Amino acid sequence: MGVVCSFVHTLSGFIMTIASPNGSNTPDSSSKTAKSLEPRPDRNTHNGQEAKVPCPAQVSQDEMMGAVRTMLLGVGEDPEREGLLKTPKRVAEAMRFLTSGYDTSLEDLVNGAIFDEGHNEMVLVRDINAFSLCEHHMLPFMGRVHVAYIPNQKVVGLSKLARIVEMYSRRLQVQERLTRQIAEAVKEILEPRGVAVVMEASHMCMVMRGVQKPGSWTVTSAMVGVFQEDHKTREEFLNLIRHQPSFW
Ligand SMILES: [Zn+2]
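My aim in this report is to walk through the structure given alongside it, one point at a time. (Residues numbered from 1 in each chain as written. Predicted model: local features only at pLDDT ≥ 70, side-chain atom pairs only at ≥ 80, totals over all residues. Heavy atoms only, no water.)

### Brief notes about helix α1 (residues 61–74)
Every α-helical turn comprises 3.6 residues, leaving residues that sit three or four positions apart pointing alike. Taking 1.5 Å of rise per residue, 14 residues should cover 20 Å, and α1 covers 20 Å from first to last C-alpha, within 8% of that figure. Count one or two residues on from α1 and you reach G76, which has phi positive near 85°. (Helix = DSSP H or I, 4+ residues; strand = E, 2+ residues; numbered from the N terminus. Expected span 1.5 Å × (residues − 1).)

### What to know about the pattern of salt bridges
Side chains carrying opposite charge are able to pair once their charged atoms draw close together. Scanning the entire structure with this criterion turns up nine salt bridges. For the salt bridge of E135 with R177, the shortest nitrogen-to-oxygen distance reads 2.6 Å. With a gap of 42 residues between them, E135 in the loop between β3 (123–134) and β4 (140–150) and R177 in helix α5 (residues 175–190) connect regions that are remote in the sequence. We classify E135 as partly exposed; its relative accessible area is 32%. Within this structure, R126, D127 and R144 form a network of salt bridges that share partners. (Salt bridge = Lys/Arg side-chain N within 4 Å of Asp/Glu carboxyl O. Buried < 20%, exposed > 50% of the residue type's maximum accessible area, 1.4 Å probe, protein only.)

### Let's talk about the packing of α1 against helix α2 (residues 87–98)
It is at 8 Å that the axes of α1 and α2 come closest, and there the two elements cross at 120°. Helix-helix and strand crossings are classified by hand; for α1 and α2 the assignment is right-handed. Residues Q61, M64, M65, V68, R69 and L72 of α1 form the contact with α2, whose participating residues are T87, P88, K89, V91, A92, E93, M95 and R96. Taken together, the residues of the contact of α1 with α2 sort by class into eight nonpolar, two polar and four charged. (Axes fitted to C-alpha atoms, helices over the stretch in contact; angles between N-to-C directions. Left-handed = near helix turned anticlockwise from the far one by under 90°. Contact = heavy atoms within 4.5 Å. Nonpolar A, V, L, I, M, F, W, Y, C, P; charged D, E, K, R; others polar.)

### Here's the deal with the nonpolar core
Generally speaking, a soluble globular protein has its nonpolar side chains buried in company with each other. Counting 34 residues, the largest nonpolar core has V145, V147, I164 and I182 as its most contacted members. Residue assignment for this core shows that the elements contributing at least two residues are α3 (106–110), β3, β4, β5 (153–156), α4 (158–169), α5, β7 (194–203) and β8 (218–225). It is α5 that provides the largest number of residues to this core, a total of seven residues. By size, the runner-up hydrophobic cluster in this structure holds twelve residues, among which are L124, V198, M223 and V226. (Core = buried A, V, L, I, M, F, W, Y, C linked by side-chain atoms within 4.5 Å.)

### Brief notes about the packing of α4 against α5
Direction vectors running N to C along α4 and α5 enclose 135°, while the axes themselves pass 10 Å from each other. Here α4 is positioned oblique relative to α5, judged by the angle of their axes. You can see that α4 and α5 cross each other, and the crossing is right-handed. Across the interface between the two elements, L161, I164, V165, Y168 and S169 of α4 pack against L178, Q181, I182, A185, V186 and I189 of α5. Grouping the amino acids of the contact of α4 with α5 by side-chain chemistry returns nine nonpolar, two polar and no charged. (Parallel < 35°, antiparallel > 145°, perpendicular 65-115°, else oblique.)

In structure tokens:
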């Protein structure tokens, strides 16, 4: 499958590298690496197996546009009126873009930007903007992601963490899986001593429809390795993501 993805840098937050009091100096945890995480497929069937779906290239642009046209008719619209003439094409293109993360591999994304720095203190990138589509309604959910890890010598270029968030966001998702996939990806590329990911997001399927609760937001987290095992390290991370930066 051809991979044509242009990435927009979504890192609007700030980056910090902080010293962890529970870092490499702790003898009993220095040899620990992140606990194993079972990778989960992007698309589940009812029995938990990965779904067999046709390659996106096999679903033609015309078919997608036809489906949008049918939806327009279904909501009582006239697809021939001027304002809607190009809507099926626009929607099809937008959907391709918003799900382009399926065509990106972690390997291509990281592209060798892993460095053996011998750094063993917590690295945290906070407030990464994320925009995704919930797989239940195909409506947006959006918010911020905080990604931290405690390296085991290896570090990754900081912008790559934002790009990992972007890659998994541009798929049909549930917030819990998105959070976990980001943690799994960091674990896979760096084999760090721990990974922590927290996502805070607002779901349009809750805000605009359903329970209609504007202002509600959902927090999900995935903790691996020392973040799971050591409450001090976890607390330190949680305090750091609560703190408001003074330069903001
Ligand atoms: Zn939903």
